[in-house]
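Structure assessment
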Amino acid sequence: MTTYNLALIGFGGVNRALAELIRDEPQRFSSLGFELRVVAITDLAFGSLVQGDGIDLAAVLAMPRGSSFDGLPGGSSDPRNEEVIKNSPADIVVEATFTSPVDGEPAVSHVRWAIESGKHVVTTNKGPVALQGTSLSKLAAGNGVRFEYEGAVMSGTPVIRLAHKMLGGLELNAVQGILNGTSNYVLGRMEAGLRLDEAIAEAQNLGYAEADPTADIGGSDVRLKVAILANELLGATIHPSDVHTTGIQDITSDDVAQALANGLRWKLIGEARRESDGRIVASVQPIALEADHPLAGISGATNAVSFTTDLLGAVTVSGPGAGRVETAYALISDIIAVDDFVKGAVRA
Ligand SMILES: NC(=O)C1=CN([C@@H]2O[C@H](COP(=O)(O)OP(=O)(O)OC[C@H]3O[C@@H](n4cnc5c(N)ncnc54)[C@H](O)[C@@H]3O)[C@@H](O)[C@H]2O)C=CC1
Ligand SMILES: N[C@@H](CC=O)C(=O)O
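Residues numbered from 1 in each chain as written. Chains lettered and ligands numbered in written order. Predicted model: local features only at pLDDT ≥ 70, side-chain atom pairs only at ≥ 80, totals over all residues. Heavy atoms only, no water.

In the annotation of an unreviewed UniProt entry, the entry for the protein reads Homoserine dehydrogenase, and the organism field reads Arthrobacter bambusae. Looking at the Catalytic activity (unreviewed entry) heading of the UniProt record, one finds this comment for the protein: "L-homoserine + NADP(+) = L-aspartate 4-semialdehyde + NADPH + H(+)". According to its UniProt record, the protein has this under Sequence similarities (unreviewed entry): "Belongs to the homoserine dehydrogenase family." (UniProt positions renumbered as here; feature names shortened; annotations may be inferred.)

Lining the immediate surroundings of ligand 2 are Lys126, Asn180, Gly181, Thr182, Tyr208, Ala209, Glu210, Asp216, Asp221, Lys225, Gly321 and Ala322. Within the contact set of ligand 2, an oxygen atom lies 2.8 Å away from a side-chain nitrogen or oxygen of Lys126. Measuring from a nitrogen atom of ligand 2, one finds a side-chain N or O atom of Asp216 at 2.7 Å. Summarising the interface, the protein chains cover 93% of the accessible area of ligand 2, which totals 260 Å² for the free molecule. Contributions of two or more residues to the shell around ligand 2 are made by α8 (181–191) and α11 (220–233). Per-class residue counts for the shell around ligand 2 are 3 nonpolar, 4 polar and 5 charged. (Near = heavy atom within 4 Å. Polar contact = N/O pair within 3.5 Å; in protein donor to acceptor, adjacent residues only side chain to side chain. Areas by Shrake-Rupley, 256 points an atom, 1.4 Å probe, with all protein chains shown as cover. Helix = DSSP H or I, 4+ residues; strand = E, 2+ residues; numbered from the N terminus. Nonpolar A, V, L, I, M, F, W, Y, C, P; charged D, E, K, R; others polar.)

This next bit is on the packing of aromatic side chains. All chains considered together, the criterion is met by 6 aromatic pairs. Residues Tyr4 and Phe34 carry aromatic rings whose centres are separated by 5.6 Å and whose planes lie at 65° to one another, so their mutual orientation is edge-to-face. Highlighted residues: Tyr4 in strand β1 (residues 2–9) and Phe34 in strand β2 (residues 34–43), separated in sequence by 30 residues. When sorted by exposure, Tyr4 lands in the same class as Phe34, which is buried. Pairing Phe147 with Tyr149 gives two aromatic rings, centres 5.0 Å apart and planes at 55°, and the pair type is tilted. Tyr149 carries the same exposure label as Phe147, and that label is buried. In textbook terms, an aromatic cluster arises when at least three aromatic residues are bridged by ring pairs, as seen for Tyr4, Phe29 and Phe34. For the cation-ring pair, Arg16 lies above Phe11, with the distance from its terminal atom to the ring centre recorded as 4.7 Å. (Phe/Tyr/Trp six-rings, centres within 6.5 Å; stacked < 30°, edge-to-face > 60°. Buried < 20%, exposed > 50% of the residue type's maximum accessible area, 1.4 Å probe, protein only. Lys NZ or Arg CZ within 6 Å of the ring centre and 35° of its normal.)

As C-alpha cells, then:
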C-alpha cells in the first residue's frame, strides 16, 4: 500500500475536516489503494508542527484555538511555512490558507515553494489558481509534479475535472452559474425574513463564508471562480479584474420580498461567454430570475453551473458549493488524481 505524507498549510475548517476524515475513516483511503499520513501542519493560530513518523491527529484536533504547537516535539509557535514546505518529509502539500483575491499571496508562494522542492500540491485556495494558474501549472509540469485544485470552484462538486474529462470532445462557448454558496445561502435566508448581517453570521457558523465575507457578498469570490472557469474551460487568458463584478451588498430585504411577491428570486450569477469575434466576456451580477429559470430553484449553499456546448446544448452540474467536509472531499479527489499520476494509472 502506498503511503502519502501530507503537509497541511492552514489548519482551519477545510484542512481540519480532511484531518478528521484521515483519523476516522482510513478505510476510505485504503480502498483507493493508499494511506494518508500527516507529517506537518502550519497555521497562523497554532504555529508549525513537523513529525516525520506521523502527527497524532486526535491530539492536535483536540487542541483549542488559541493554543500553540510550541512545546510539542517538532513544534513551534511560528507558522514557518517556507521551511516546512521546503524541508518537511511531505509528498503532497495541502494548501488551505485564506484566499487573497488581490494577488493570491501568500498562497502563490506556498504553491511555488512546494513545486520547486518536488512536492505535489492540492489546494482549495482560489487565489493561486485564478491569478497564477497557468504559470504554476507549467512550473508543476516542469518539475514532474501535480498542481490540482478541484475545490477552487464549487467546493467538492467535481466541475473542473468533469468538464475536462467528460466534455472534452465538445466546443464550450459559455459557462453560467451560481458559484458562491454563502451569497446564495444568504439570499435564501433573507427571503425567509433574516437581515443581511444575521444571514452572513449563519453562513460563517456553517463554514461557508470566506475569512472576510465581503468577498462572498461583494462578488470577488465569484469573480475568481469565473476567471478560473473561463481560462480552464473556454481557453481564455483573462485576469479576474477583467470580470465586470457587482455583488449582492446593495440588495435589501425589501428588494428580496418584492421580488418574491412578483414570482422572482435574486441570485448572484457568474458568467463567461465567447462572443462571435472570439473575445471572452465575463461578468458577475445579481439577477432577479423568473421562478421557472433553471437556476432559480438552486437553494442554500448549493451551486450550479451550466455549460453551453455545440453538440449537447446546455449541460448543467449542481452540487455543494461550500462547506468544510464538502471542500475536504475536493482535496481527496485531488489526491486521487496525484495517485493516478504517481502510479501512471487511469481510473475508470
Ligand atoms: N470553506 C469552504 O466552503 C471553502 C473554502 N475554500 C477555500 O479554502 C481555503 C480554506 O478555507 P477554510 O478552511 O474554510 O478557511 P478558514 O478561514 O477556516 O481556515 C484558514 C486557515 O488558514 C490559516 N492561515 C491563514 N493564513 C495563513 C498563513 N499565511 N500561514 C498559515 N496559516 C494560515 C488560518 O489561521 C486559518 O486557520 C480558503 O482559501 C477558502 O477560500 C474553497 C472552497 C470552499
Ligand atoms: N466562501 C465560498 C467558499 C467556496 O469557495 C462560498 O461561499 O462559495
